[in-house]
Amino acid sequence: MDQITFHYDTVLSDVHLLLPNSRHLMARLNSVGQPVFISRFRILWDGAKQDTCDLGSPCGGEELDRDTQEEKGRGDARGSETGADGVEDGGADDGDLAVTRRQSLPRMDRDRDVVYPIILSQARREEEEEEEEEECPRDVIRIEHTMATPLEDVGKQVWRGAFLLADLILSQPTTFRGATVLELGAGTGLTSIVMATVAKTVYCTDVGEDLLSMCQKNVILNRHLMEPAGGEVRVRLLDWLRHDLCTDTDAEFGWTEDEVADLHDNTTVIIAADVCYDDDLTDALFRTLYRICNNLHLPCTTYLSIEKRLNFTLRHLDVSCEAYNHFRNCLCEMQELRDGRTCFTVEQVTPSFPQCLLYERIEQLELWKVTAVPV
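The notes below deal with the structure included here. In this text, all values refer to a predicted model and were calculated from it rather than measured experimentally.

1. Thoughts on the layout of surface pockets
Approximately 1100 Å³ is the volume attributed to the largest pocket. Lining the largest pocket are 45 residues; nearest its centre among them are Leu151, Val154, Asp274, Val275 and Tyr277. Sorting the residues of the lining of the largest pocket by element identifies helix H6 (190-195), strand E14 (300-307), strand E15 (311-313) and helix H11 (322-336) as the ones contributing at least two each. Element by element, the count of residues in the lining of the largest pocket is highest for H11, at three residues. Its residues assigned to classes, the lining of the largest pocket comprises 22 nonpolar, 11 polar and 12 charged.

Here it is, written out as C-alpha cells:
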C-alpha cells in the first residue's frame, strides 16, 4: 500500500486504550483476519482495590513490585553512569558534547500504562494456556477480545457497561442466585460469565458466528469461575431483527426446544450492557425485549447499562447525545405501553454499589431497571 487509509467508523473501547498491564498479548488472528488479544481482569470479592494483569504473568502485586524494582534498578544503573549534575560522563576528553539522559518514570509514578501489543507464537501461547489452566486463580477473568474494530464489530471489544453490570452482580449476589438469566448482545460474554458465578443458567446471546465462537472460547477459559457455583453459560444465537429463536438443529449456536421452553418458563432476569449506540438497533432491542417479556411465565427484571456519549453534531451545532436520547425515549414508551398483557415500570439505579473491577466509573455511565409483570 502506498498510502495509509483511515476509516471513519473505527472505534476503540476505553477499556483497551489504557490498561495497567506491563504488556498486552496478541493470541491469534480470527477468521476475518482481526488480531485477537487476551486480557486478564482481577476481581476483588471484598470490593477492595483491585488489579489487572496480562497473560503470562502472575496477577498479584509481587509482579508489579518486581517490575518496579527492576525498572528502578535500571534507573540507578543509568544514574551511576552520569555525573552529579545529571550529565553523562563522556569518558575521554575528545571534545564530544555530553547529553543529558532523561530517566524514565518508575511504574509507581504512572497511573496506567499504554498498551504495547506483543505477538506470541502459536506454540508458546498453547504452552502458556496449559500452564494457566492449572494455576489461574478464582479471582481472575480471562477474556479474548479484539481492539479498534469497525462499528459492526464493537461487540468483540470489552466496554465499561459490562463492568458496571458485573459490579452489580458481584455486589448483590443474592439477587441473582439460582436464577435463569438471558443476556442480550453479550459480545465477549464477560457479564454472562460473572453472572454464572451465582445464577443457575445463563443464556448468553448475540449474532455472528465469529463473535459467538469468541464468546464460547471465553466461557471455556473461565470454567474455573463458574464450576464452584455450578452455574452454566449457554452461548446461543439471538437476532433482534428476527421474530423467533433459531431452532435449526444444524446451526452451531441454535436453540433446542427444551431450551426455548426453559427460557420462557424460568427466566426472571434479563441483562444488556452498552448495546444502545445505533437508533435502529435500539428499536430492535426494545422490540425483542417486549416480545420476550410477553412470552415469559414469570415476572422479569431487566438491567440495562448505557454510557452517555457526548458528540458535537453539525445538525445541532452543539454537543448532543442522540443515541442516549433515543434510548431514553424508548424507555418512556415502554413504561407508557398499555396492551393488557404486560405492565412495565422503569427506574434508574444509582451505582452506589462497590466497584469490584478496574475501570473508570464515569458520571456518564448509567444503569436502568425495567420490571415486567404479566397482567
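There is more to say, and it comes next.
2. Remarks on the nonpolar core
The biggest cluster of nonpolar side chains holds 46 residues, and the ones touching the most others in it are Leu190 and Met195. Counting residues per element, this core draws most heavily on helix H4 (residues 160-171), which supplies eight residues. When neighbours within four sequence positions are excluded, Leu190 is seen to be in contact with Phe41, Ile143, Val158, Ala162, Phe163 and Ala166. Counting residues in hydrophobic clusters, the runner-up holds 34 residues, among them Tyr203, Val275, Leu285 and Val346.

3. Structural notes on the packing of helix H10 (residues 279-295) against H11
Running from N to C, H10 and H11 cross one another at 25°; their axes reach a closest spacing of 10 Å. With respect to their mutual orientation, H10 and H11 come out roughly parallel. Handedness of the crossing formed by H10 with H11: right-handed. Contacts between H10 and H11 involve Asp279, Thr282, Asp283, Phe286, Leu289 and Tyr290 on the former and, on the latter, Glu322, Ala323, His326, Phe327, Cys330, Leu331 and Met334.

About the criteria used
- Residues numbered from 1 in each chain as written.
- Predicted model: local features only at pLDDT ≥ 70, side-chain atom pairs only at ≥ 80, totals over all residues.
- Heavy atoms only, no water.
- 1 Å grid on protein atoms, 1.4 Å probe; cavity = no way out; pocket = protein on both sides within 12 Å on 5 of 7 lines; lining within 4 Å.
- Points joined across faces, edges and corners; volume = space filled by probe spheres on them.
- Helix = DSSP H or I, 4+ residues; strand = E, 2+ residues; numbered from the N terminus.
- Nonpolar A, V, L, I, M, F, W, Y, C, P; charged D, E, K, R; others polar.
- Core = buried A, V, L, I, M, F, W, Y, C linked by side-chain atoms within 4.5 Å.
- Buried < 20%, exposed > 50% of the residue type's maximum accessible area, 1.4 Å probe, protein only.
- Contact = heavy atoms within 4.5 Å.
- Axes fitted to C-alpha atoms, helices over the stretch in contact; angles between N-to-C directions.
- Parallel < 35°, antiparallel > 145°, perpendicular 65-115°, else oblique.
- Left-handed = near helix turned anticlockwise from the far one by under 90°.

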